[in-house]
Amino acid sequence: MDPKYKTLIPLVVIFFIIGIAVGYAAHKPRTIEKIEYVENKTIVTVTVTVTPIPSQTLTPALTPISTAAATPGISNFTIKNYDPSTDTPTKTMVFQTNYVIEPNQVSIRSGESVLIKITEWSLPFSLTLVLNNSYQKYLGGSGSAFVTFNKKGTYSVEGIIPSDDPSVKPKTYATGTITVY
């Protein structure tokens, strides 16, 4: 027997065994449970069962155990992601550089809405919106929130610079108020 076949045949056998092990691991059905946090602090648990079928793409089957309301919110106000094609805000508040929100005071009627957004691409960090000390939404570096106010009152708006380090306190970037009359 030629010496190259003495090396080639054991390598083919080893790769064949590795291929069987990888194929079994890739096609083994598995269930993954994941907890997701929705904007109004309702916890939704989703069970994903992945069962691979040969020669087809994998599509997980989602089975929600509990669901949240379509428009998360609190009785005094409702918050959702801003859609410029359907949402028309009454007023707009913008987080800008130099630690300000413009305008920092807004007055609207009950039932009207305010768009709170970041337009500065030069912010070297992300922001979390805190509304009335009861609601938080992560805006990142360029996000927005569309808020509809249902009840009269004065609401505080804060932009917080979050920290991944638990020993570092989050820093207040800017504050403002919304008065609903």
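In the block above lies the structure referred to throughout.
Residues numbered from 1 in each chain as written. Predicted model: local features only at pLDDT ≥ 70, side-chain atom pairs only at ≥ 80, totals over all residues. Heavy atoms only, no water.

S.K.: If you had to explain the overall build of the protein to someone new, which residues and values would you point to?
M.R.: Within the protein, the secondary structure is distributed over 1 helix and 14 strands. Looking at the 181 residues of the protein, the share that counts as buried comes to 27%. By sequence separation, contacts in the protein at least 24 residues apart represent 55% of the contacts at least 6 residues apart. In the structure as shown, the protein presents an accessible area of about 11,800 Å², 57% of it carried by carbon and sulfur atoms. (Helix = DSSP H or I, 4+ residues; strand = E, 2+ residues; numbered from the N terminus. Buried < 20%, exposed > 50% of the residue type's maximum accessible area, 1.4 Å probe, protein only. Contact = heavy atoms within 4.5 Å. Areas by Shrake-Rupley, 256 points an atom, 1.4 Å probe, with all protein chains shown as cover.)

S.K.: An account of the pattern of salt bridges is needed here, citing residue identities and associated values.
M.R.: Applying the stated criterion across every chain, the model contains 1 salt bridge. The residue Lys80 makes a salt bridge to Asp87 at a minimum N-O spacing of 2.9 Å. We classify Lys80 as partly exposed; its relative accessible area is 32%. Overall, Asp87 belongs to the buried group, its relative accessible area being 7%. (Salt bridge = Lys/Arg side-chain N within 4 Å of Asp/Glu carboxyl O.)

S.K.: Which residues make up the pairing of strand β5 (residues 77-80), and what values go with them?
M.R.: The alternating pattern of β5 places Phe77 and Ile79 on a buried face, while none of Thr78 and Lys80, on the opposite face, is buried. With 4 bridges connecting them, β5 and strand β12 (residues 144-149) associate as antiparallel partners. From the neighbouring strand, Thr78 faces β12, where its bridge partner is Thr148. (Pairing = 2+ DSSP bridges.)

S.K.: Account for the packing of aromatic side chains, naming residues and giving values.
M.R.: The geometry of an aromatic ring pair comes down to the distance between the two centres and the angle between the two planes. Summed over all chains, the structure comprises 6 aromatic pairs. Here the aromatic rings of Phe77 and Tyr155 are separated by 5.9 Å at their centres, their planes lie at 90 degrees, and the arrangement is edge-to-face. Remark: Tyr155 occurs in strand β13 (residues 153-161) and Phe77 occurs in strand β5; sequence separation between them is 78 residues. Residue Phe77 is classed as buried on the basis of its relative accessible area, which comes to 1%. An angle of 25 degrees between the planes, with centres 6.1 Å apart, marks the rings of Tyr82 and Phe146 as stacked. Note that Tyr82 is positioned in the loop between β5 and β6 (91-96) and Phe146 in strand β12, a separation of 64 residues in sequence. Here the aromatic cluster, defined as three or more aromatic residues joined through ring pairs, consists of Phe77, Phe149 and Tyr155. (Phe/Tyr/Trp six-rings, centres within 6.5 Å; stacked < 30°, edge-to-face > 60°.)

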